[in-house]
Amino acid sequence: MLKKLGKVMDQTEFYQAKLNYETDSWDLYEALNSGEPIVVIDARSPEAYALEHIPTSINIPHRTMSETTTSELDKSKVYVTYCDGIGCNASTKGALNMAKLGFQVKELMGGLDWWKRDGYETKGQQGVPGTEVVCGC
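A.B. asks: When you look at the overall build of the chain in this model, what are you seeing that I'm missing?
C.D. replies: Along the chain, the regular secondary structure elements total five helices and seven strands. Taken from the N to the C terminus, the helices and strands of the chain come in the order β-β-α-β-α-β-α-β-β-α-β-α. Against the compact-globule benchmark of 14 Å for 137 residues, the chain has a radius of gyration of 15 Å, which places it among compact chains. Across its three principal directions, the C-alpha atoms of the chain cover 50 × 35 × 30 Å. Residue burial in the chain is summarised as follows: out of 137 residues, 36% are buried. Across the chain, the fraction of contacts at a sequence separation of at least 24, relative to all contacts at a separation of at least 6, is 66%. Total accessible area on the chain stands at roughly 8000 Å², and carbon and sulfur atoms take up 53% of it. Each charge class in the chain can be summarised by its mean position, and for the 14 positive and 19 negative side chains these summaries are 7 Å apart.

A.B. asks: I would appreciate a short explanation of the packing of aromatic side chains in the present structure.
C.D. replies: Two measures describe an aromatic ring pair: the distance that separates the ring centres and the angle between the ring planes. For the structure shown, the criterion picks out four aromatic pairs. Taken together, a centroid distance of 4.9 Å and an interplanar angle of 75° make the contact between Phe14 and Tyr15 edge-to-face. According to the relative accessible area criterion, Tyr15 is partly exposed, its value standing at 48%. Arranged with centres 4.7 Å apart and planes meeting at 40°, the rings of Trp115 and Tyr120 form a pair that is tilted.

A.B. asks: Can you walk me through the pattern of salt bridges in this structure?
C.D. replies: For side chains of opposite charge, pairing can occur when their charged atoms come near one another. Counting across every chain of the model gives six salt bridges. The salt bridge partner of Asp84 is Arg44, with a shortest N-O separation of 2.8 Å. You can see Asp84 sitting in the loop between strand 6 (78-82) and helix 4 (90-100) and its partner Arg44 sitting in the loop between strand 4 (38-42) and helix 3 (46-51), a full 40 residues away along the chain. Each of the salt bridges in this network shares a partner with another, and the network as a whole consists of Asp42, Arg44 and Asp84.

A.B. asks: I tried to follow a negative patch on the surface on my own but got confused; where do I start?
C.D. replies: There is a patch of like negative charges on the surface, built from Asp24, Asp27, Glu30 and Glu36. Structurally, Glu36 can be placed in the loop between helix 2 (25-33) and strand 4.

A.B. asks: Explain the layout of surface pockets here, please?
C.D. replies: Gaps between atoms show up when a probe of the same size as a water molecule is rolled over them. Its boundaries defined by the atoms lining it, the largest pocket holds a volume of some 240 Å³. Residue assignment for the lining of the largest pocket shows that the elements contributing at least two residues are helix 1 (11-21), strand 3 (22-23), helix 2 and strand 6. The element that contributes the greatest number of residues to the lining of the largest pocket is helix 2, accounting for three residues. Counted by class, the lining of the largest pocket contains seven nonpolar, one polar and six charged residues. Taken as a whole, the second largest pocket spans an internal volume of roughly 170 Å³. Put simply, the parts of the chain that give the lining of the second largest pocket at least two residues each are helix 1, helix 4 and strand 7 (104-108). Here the element with the most residues in the lining of the second largest pocket is helix 1; it accounts for four residues. Class assignment of the residues belonging to the lining of the second largest pocket gives a composition of eight nonpolar, no polar and four charged.

About the criteria used
Residues numbered from 1 in each chain as written. Predicted model: local features only at pLDDT ≥ 70, side-chain atom pairs only at ≥ 80, totals over all residues. Heavy atoms only, no water. Helix = DSSP H or I, 4+ residues; strand = E, 2+ residues; numbered from the N terminus. Rg over C-alpha atoms; globule rule 2.2 N^0.38 Å. Buried < 20%, exposed > 50% of the residue type's maximum accessible area, 1.4 Å probe, protein only. Contact = heavy atoms within 4.5 Å. Areas by Shrake-Rupley, 256 points an atom, 1.4 Å probe, with all protein chains shown as cover. Lys, Arg positive; Asp, Glu negative; His and termini not counted. Charge placed at Lys NZ, Arg CZ, Asp CG, Glu CD. Phe/Tyr/Trp six-rings, centres within 6.5 Å; stacked < 30°, edge-to-face > 60°. Salt bridge = Lys/Arg side-chain N within 4 Å of Asp/Glu carboxyl O. Patch = residues over 30% accessible without salt bridge, like charges linked within 9 Å, V, L, I, M, F, W, Y side chains within 5 Å. 1 Å grid on protein atoms, 1.4 Å probe; cavity = no way out; pocket = protein on both sides within 12 Å on 5 of 7 lines; lining within 4 Å. Points joined across faces, edges and corners; volume = space filled by probe spheres on them. Nonpolar A, V, L, I, M, F, W, Y, C, P; charged D, E, K, R; others polar.

Set out below in C-alpha cells:
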C-alpha cells in the first residue's frame with residue numbers, strides 16, 4: 001500500500017497519480033498531433049540527442065536544468081521528459097528537476113526505445129523512418 005500524506009492511497013488514487021505523471025508513446029503522439037500545449041524534452045546528453053531524438057523535442061540535459069536554462073520556457077505548458085528507455089533514468093531526473101523548477105511534467109514510459117518500438121519516426125544522424133509526427137503545435 002502507498003501512503004499519501006499519512007493516509008493510505010487507494011487504487012483509484014494510485015492509478016490516477018500514475019496517469020498524472022506518466023504518458024506513453026501513443027498518447028504523446030496524439031497530443032503532439034492535436035496541438036496540445038506539450039513540449040518534449042530529451043534529458044540526455046547533446047551527443048545522444050544529435051544521434052537520434054523524438055521529432056519536435058528540445059534537448060535540455062537533466063544535469064543542466066536550472067532556472068537559467070529553463071527561463072524562456074512557458075510554465076503553462078506540460079513538459080514530457082524522456083531518455084533512452086527503461087535502462088536509463090535521465091528522464092526521471094529531468095522530470096524531478098523540472099517539477100522542482102515549477103513546471104508541469106510527465107515522464108515518457110519506455111523512452112526513445114518504446115517510441116521506436118511503437119513505430120514512430122525519429123530525427124538526428126541515426127534517425128529512423130516511421131509514423132510521422134505532424135505537430136499541431
